[in-house]
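Structure at a glance
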Amino acid sequence: MYTHKRKKFLDPAALELATRQITHLAQKAKIRTALVGGFAMQLYGSPRLTGDIDFIGDDWPKGLKPEKPLSFGGFQTKAPNEVPVDFILRNDDYKDLYDAALNHTVWVKEVGAYTVEPEYLAAIKMAAGRAQ
């Protein structure tokens, strides 16, 4: 029997605060990070809703406590405001793609974070094998 766990869609203000919090932790640790996923797509105008934020990085801020590993590298955690976060750290065949994405970012002043450019968001989604 197939069951689908519904994800609660979050208010953009909560997502923005979580983004600022994660970015602040990364900046303190001198770690490069960038938004990917549904919230990054919203910042480019997509109507897609999301229940978490997704970051890629070249390391992870030690102020984040890993809660559950991601099958493709990285971990699930929560921002200080309790918003769920997937912090992606690839160390597989897609590492070069994610490294390139970190080199192709745009500063989004409204949320105080770097976001991966749209072309790389699409490539990352394709690499993940997800339809969204």
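All of these numbers come straight from a predicted model, not from anything done at the bench.

Remarks on the packing of aromatic side chains
Within this structure, the stated rule accounts for four aromatic pairs. Here W60 and F75 contribute two aromatic rings whose centre-to-centre distance is 5.2 Å and whose plane-to-plane angle is 75°, an arrangement assigned as edge-to-face. On the criterion of sequence distance, the pair formed by W60 in the loop between β2 (53-57) and β3 (68-69) and F75 in strand β4 (residues 74-78) is long-range, its members being 15 residues apart. You can call F75 buried: its relative accessible area is 5%. Where W107 meets Y114, the ring centres are 4.8 Å apart and the plane angle is 70°; that geometry is what we call edge-to-face. Clustering of aromatic rings is evident, with ring pairs tying together F55, W60, F75 and F87.

Describing the nonpolar core
Membership of the largest hydrophobic core comes to 30 residues, with the highest contact counts inside it found for I22, L35, I53 and I56. Listing elements by their share of this core, those giving two or more residues are α1 (12-28), β1 (33-36), α2 (37-43), β2, β5 (84-88), α3 (95-102), β7 (113-116) and α4 (118-128). Apart from the residues lying within four places of it in its own chain, the contact partners of L35 are T19, A40, L43, I53, D54, F55, V111, A113, Y114, T115, V116 and L121.

So, the pairing of strand β6 (residues 105-108)
Where β6 lies against β7, four bridges are found, and the strand directions are antiparallel. Residue V108 lies in a different strand from β7, and its bridge partner there is A113. If you look at the hairpin formed by β6 and β7, you'll find four residues sitting between the two strands, and G112 has a positive phi there, around 65°.

Focus on the confidence of the model for the protein chain
Here the protein chain shows a mean pLDDT of 89. Residues at 70 or above account for 92%. The low-confidence segment residues 1-6, where pLDDT is below 50, has zero contacts with residues more than four positions distant or belonging to other chains.

Focus on α3
Regarding α3, the residues found buried are Y98, A101 and L102. Down the axis of α3, the smallest arc covering the buried residues is 100°, so these residues share one side.

Digging into unusual backbone geometry
Positive phi, normally seen in glycine, also occurs at K30, with a value near 60°. As for its placement among the helices and strands, K30 is situated in the loop between α1 and β1. The exposure class of K30 is exposed, given its relative accessible area of 77%. At E82, a residue that is not glycine, the phi angle is positive and equals roughly 80°. Positionally, E82 belongs in the loop between β4 and β5. A relative accessible area of 52% means that E82 is categorised as exposed.

Procedures and definitions
- Chains are numbered independently. Their residues run from 1 in the order of the written sequence.
- With pLDDT at 70 or above as the cut-off, local features in this predicted model cover only qualifying residues; side-chain atom pairs require 80 or more to be listed or tallied, and sums for whole chains, interfaces and linings still use all residues.
- For the side-chain quantities, the full set of heavy atoms in the structure was used; hydrogens and water were omitted.
- Stacked, tilted and edge-to-face are the three classes applied to pairs of Phe, Tyr and Trp rings, where Trp contributes its six-membered ring and a pair requires centres within 6.5 Å; stacked means planes under 30 degrees apart, edge-to-face means over 60, and tilted covers the rest.
- Secondary structure follows DSSP: runs of H or I at least 4 residues long count as helices, runs of E at least 2 residues long count as strands, and numbering of each begins at the N terminus.
- Accessibility here uses a 1.4 Å probe with only protein chains present; expressed as a share of the type maximum, an area under 20% marks a residue as buried, one over 50% as exposed, and anything in between as partly exposed.
- We call a set of buried Ala, Val, Leu, Ile, Met, Phe, Trp, Tyr and Cys residues a nonpolar core when their side-chain atoms join them within 4.5 Å.
- In what follows, a contact means two residues having at least one pair of non-hydrogen atoms within 4.5 Å.
- For two strands to be treated as a pair, DSSP must find no fewer than two bridges joining them.
- Confidence of the prediction at every residue is given by pLDDT, a number between 0 and 100.
- The arc in question is traced by the directions running from the helix axis to the C-beta atoms.

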